[in-house]
Amino acid sequence: MRGICYHVATTLDGFIARLDGSIDGFPPDGDHVDDYNATLAEYDTVIMGRRTYEFGFEFGLEPGARAYENMEHWIFSKTLEMQTSNGVHIVRGDWLEKIDELKKADGPDIYLCGGSIFAGWLLTEKRIDRLKLKVNPIVFGSGLSLFASQGPTLNHFDLIGVKKYNSGVLLLEYQKSKAV
């Protein structure tokens, strides 16, 4: 069974974006960005919430199109209305059923792309198997947290890798702990 990997940039104080959803302040280029872009080839499936998908519109993504050409897209939203193209799917209900179905399919790990709320829900449901946190040497002080609270949860992860980039970014990689 393949896992879900939350592969995301965060600040030192645990925010993935500013309160308005903007990401200004994160270094836009550097060796950490090159490595991230190369890593995207490892995934063939991406899951995200509506806000994360719509965030791409600010960068020229056409509604209904793929944000990542090599990946099948699954957008989890009860309200998103749009025509989709080949490889883009909207999941309106039975979210856990669809998540479990995707995890049971053959293939590499599934890329969880951004989304404080969606990631928080998946964490609460204990569906996140790996974390790849790109910890940037910045502090926002407030913003959208790595995981929006969805209620009580306790998940344990083991550190399995650390990579330091010349840009000052650290990539911390965690695997869901089997000990708990």
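The written sequence of each chain sets the order in which its residues are numbered from 1. Per-residue local features are limited, in this predicted model, to residues with pLDDT of at least 70; the limit for side-chain atom pairs, both in listing and counting, is 80 or more; totals at the level of whole chains, interfaces and linings are taken over all residues. Based on all heavy atoms of the structure, the side-chain values leave hydrogens and waters out of the count.

Undergrad: Even after reading the chapter, I still don't get the pattern of salt bridges, so can you show me in this structure?
TA: Close approach of charged atoms lets side chains of opposite charge pair. Just to be clear on terms, a salt bridge is a Lys or Arg side-chain nitrogen sitting within 4 Å of an Asp or Glu carboxyl oxygen. Within the structure shown, the criterion is met by 13 salt bridges. Linking K176 and D129 is a salt bridge whose minimum nitrogen-to-oxygen distance equals 3.6 Å. Highlighted residues: K176 in strand 10 (residues 170-176) and D129 in the loop between helix 4 (116-124) and strand 7 (130-135), separated in sequence by 47 residues. We note a salt bridge from E173 to R130, for which the minimum N-O separation is 2.9 Å. Within this pair, whereas E173 is found in strand 10, its partner R130 is found in strand 7, the two being separated by 43 residues in sequence. For the exposure calls, accessible area comes from a 1.4 Å probe over protein chains only, and a residue counts as buried if that area is under 20% of its type's maximum, exposed if over 50%, partly exposed in between. With relative accessibility at 13%, the residue R130 sits in the buried group. The network of salt bridges with shared partners includes K103, D129 and K176. Runs of H or I in DSSP of at least four residues are treated as helices and runs of E of at least two as strands, each being numbered from the N terminus.

Undergrad: What is the right way to read the environment of D24 from this model?
TA: Within the secondary structure layout, D24 lies in the loop between strand 2 (15-17) and helix 1 (31-39). Contacts between residues were defined by any pair of non-hydrogen atoms, one from each residue, lying within 4.5 Å. Non-local contacts of D24, meaning those with residues more than four positions away in its chain, are made with R18 and F140. Side-chain atoms alone can form a polar contact between residues adjacent in sequence; in general such a contact is a pair of N or O atoms within 3.5 Å, and within protein one must be able to donate a hydrogen while the other accepts it. There is a polar contact of 3.0 Å between the side chain of D24 and the side chain of R18. Within the structure, D24 has its side chain in polar contact with the side chain of S22 (distance 2.9 Å).

Undergrad: What should I look at first to understand the sheet that holds strand 10 in this one?
TA: Spatially, 5-4-3-6-1-7-10-9 is the arrangement adopted by the 8 strands of the open sheet, whose pairing is mixed. Of all strands in the sheet, those with a lone pairing partner are strand 5 (88-91) and strand 9 (157-164), marking the two edges. Direction aside, neighbouring strands of the sheet carry axes that sit 20° apart on average. Two strands are counted as paired when DSSP detects at least two bridges linking them. Of the pairings in the sheet, the one linking strand 3 (residues 45-49) to strand 6 (residues 110-112) comprises 2 bridges and is parallel in character. The residue of strand 6 that forms the bridge with V46 is Y111. Inter-axis angles, ranging from 0 to 180 degrees, are taken between N-to-C directions of lines fitted to C-alpha atoms, where helices are fitted over the stretch in contact.

Undergrad: Explanation requested: the confidence of the model for the protein in the structure shown.
TA: Reading predicted coordinates in detail is not appropriate for stretches of low pLDDT. pLDDT is a residue-level measure of predictor confidence that goes from 0 to 100. Per-residue pLDDT for the protein has a mean of 93; in total, 98% of the residues score no lower than 70. Ranking the elements of the protein by mean pLDDT puts helix 2 (residues 50-55) last with 92 and strand 6 first with 98.

Undergrad: Explain unusual backbone geometry to me, please; I cannot follow it from the model alone.
TA: Where the residue is not glycine, phi is negative for most of them; where a peptide bond is considered, it is trans in most cases. The backbone of D94 shows a phi angle near 50°, a positive value even though the residue is not glycine. When you line up the elements, D94 lands in the loop between strand 5 and helix 3 (95-104). Phi angles above zero are rare outside glycine, and K126 is one such case at about 55°. By the secondary structure assignment, K126 is in the loop between helix 4 and strand 7. Given a relative accessible area of 40%, K126 falls into the partly exposed group.

Undergrad: Before we go on, may I ask you to explain the nonpolar core in this structure?
TA: Soluble globular proteins tend to pack their nonpolar side chains together in the buried interior. Counting residues in hydrophobic clusters, the biggest one holds 24 residues, and the most contacted among them are Y6, I47, F76, I99, L112, F118 and L122. Within the residue set of this core, elements represented by two or more residues are strand 1 (4-10), strand 4 (72-76), helix 3, strand 6, helix 4 and strand 7. Other than its neighbours up to four places away in sequence, F118 contacts I47, M48, G49, F76, W95, I99 and L112. Judged by nonpolar contacts, the second largest core, of 16 residues, contains Y36, Y43, M71 and V88. Here the nonpolar core consists of buried residues drawn from Ala, Val, Leu, Ile, Met, Phe, Trp, Tyr and Cys, with membership extended through side-chain atoms lying within 4.5 Å.

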